[in-house]
Amino acid sequence: SLMNRYSLTGTIRYEGSNRLGKSRTARWLPTWNVSGRWNISDEPWMRSLQPYLSHAVLKASYSLTGESGPSWVTNSAVVIRAANHWRPGTGDNETALDISSLANPDLTFEKKHELNIGTELGFFDNRVNFTGDWYKRNNFDLIGIINTMGLGGEVSKYGNVASMTSGGYELSLSTINVRTRDFKWTTNFIWSHSHNKVTSLYSTKRVIDLVKGSGFAMEGYANHSVFSIPFAGLNEEGLPKFINTDGKETITGINFQLSTTSGSDALNFLEYSGTADPTGVGSIGNTFEWKGLRLNVFITGSFGKGGRLDP
């Protein structure tokens, strides 16, 4: 820190997890963060603007962080469990060892590069305060289920199968509207917007997973996206018609178990219907204080969420 105006902070961390793969490149992860802060309001040339602009800060950070993934993913070594195998006779059985989960020596941390830029502003002796933050993230080595050819006796297993980009901003405004000896009225407004896009996903996707309404992942779209089979109206008998994979109208020819892996366009006939996660979240609250009594009146809301209606 220099003259209480310019600050530079850096951290580095080196950690490992026995839940991840045996490979040293997979088990160990160095994470780091570098950030800077400029207290603009402490500059000598800012004194002429006080108390109209009473507080001003500019800050930024860039980091690499990681997580070991869901707690139930433990592919560091093969998992073998005891079992009783029954024979044709109900009274005959013998103990055995079953492979519950194969080892994945290259399973590694879920990682994220993140850039943050923010500002803090205070006006009129800090009676009005504004905070704004913008961020951009690059997530990679995300853990999920991948289907295999079944070698070793396990058809599906967990691996580093996806990457995703995301970003957004958050705005906050706080005002002191009235302040006397016994009474105080403050208002707080918060608004945040976020978006993301799956850039790669090496996993199996089925029609039923994409259209059921709870959201699923597809390359080029947001995580937890909702898709729909194109509706083509009713036929002369009043039956609903849909567009199938060949681009033709049908009343019976939709295969809900149709699946595909990365790089295939077999599911491109589906229509994008939005995301199951809200893209905007906001709130506004008013707080009234009088002689030790406090009343808080607030409204919260979320926007941009889509999904399937209850049938």
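A few points about the environment of Glu289
Inference 1: If you trace the backbone, Glu289 turns up in strand β17 (residues 280–290).
Inference 2: For Glu289, a relative accessible area of 25% gives the class partly exposed.
Inference 3: Once the C-alpha coordinates of Glu289 and Ala162 are considered, the two residues, 127 residues apart in sequence, prove to be 50 Å apart.
Inference 4: Each residue touching Glu289, except ones within four places of it in the same chain, is listed here: Asp182, Phe183, Lys184 and Arg294.

Structural notes on the nonpolar core
Inference 1: Val207, Leu210, Val211, Met218, Phe227, Ile229, Ile254, Leu267, Phe269 and Leu270 together form the largest nonpolar core, which totals 10 residues.
Inference 2: Judged by nonpolar contacts, the second largest core, of 8 residues, contains Val161, Ala162, Met164 and Ala217.

What about the sheet that holds strand β7 (residues 128–147)?
Inference 1: The strand order across the open sheet built from 9 strands is β1-β2-β3-β6-β7-β8-β9-β17-β18, with neighbouring strands paired in antiparallel fashion. Looking along the sheet, the strands with just one partner apiece sit at the ends: β1 (6–16) and β18 (293–303). In this sheet, neighbouring strand axes are inclined to one another by 10° on average, regardless of whether the strands run parallel or antiparallel.
Inference 2: Across 17 bridges, the pairing between strand β8 (residues 156–179) and strand β9 (residues 183–201) is antiparallel. The partner of Ser163 across the bridge, within β9, is Ser200.

Let's talk about the sheet that holds strand β12 (residues 231–234)
Adjacent strands of a sheet pair through backbone hydrogen bonds, lying either parallel or antiparallel.
Inference 1: Across the sheet, which stays open at both edges, the 3 strands sit in the order β12-β13-β14 with antiparallel pairing between neighbours. Single-partner strands in this sheet number two, and they are β12 and β14 (249–250).
Inference 2: Alignment of β12 against strand β13 (residues 240–243), held across 2 bridges, turns out to be antiparallel. What sits directly across from Leu234, in β13, is Pro240.

Overview of the pairing of strand β2 (residues 28–39)
Two faces belong to every sheet, and in a regular strand the side chains alternate between them.
Inference 1: Pairing geometry for β1 and β2, over 11 bridges, is antiparallel. Across the sheet, residue Ile12 finds its bridge partner in β2, namely Trp32.
Inference 2: As defined by bridge partners, β2 adjoins strand β3 (residues 53–67) across 8 bridges and the pair is classed as antiparallel. Residue Trp38 lies in a different strand from β3, and its bridge partner there is Leu58.

Brief notes about the side chain of Lys241
Inference 1: Here Lys241 is to be found in strand β13.
Inference 2: Under the relative-accessibility criterion, Lys241 is labelled buried at 18%.
Inference 3: If sequence neighbours within four positions are ignored, Lys241 has contacts with Pro230, Phe231, Ala232, Gly233, Leu234, Asn235, Glu249, Thr250 and Ile251.

Thresholds applied
- Residues numbered from 1 in each chain as written.
- Predicted model: local features only at pLDDT ≥ 70, side-chain atom pairs only at ≥ 80, totals over all residues.
- Heavy atoms only, no water.
- Helix = DSSP H or I, 4+ residues; strand = E, 2+ residues; numbered from the N terminus.
- Buried < 20%, exposed > 50% of the residue type's maximum accessible area, 1.4 Å probe, protein only.
- Contact = heavy atoms within 4.5 Å.
- Core = buried A, V, L, I, M, F, W, Y, C linked by side-chain atoms within 4.5 Å.
- Pairing = 2+ DSSP bridges.
- Axes fitted to C-alpha atoms, helices over the stretch in contact; angles between N-to-C directions.

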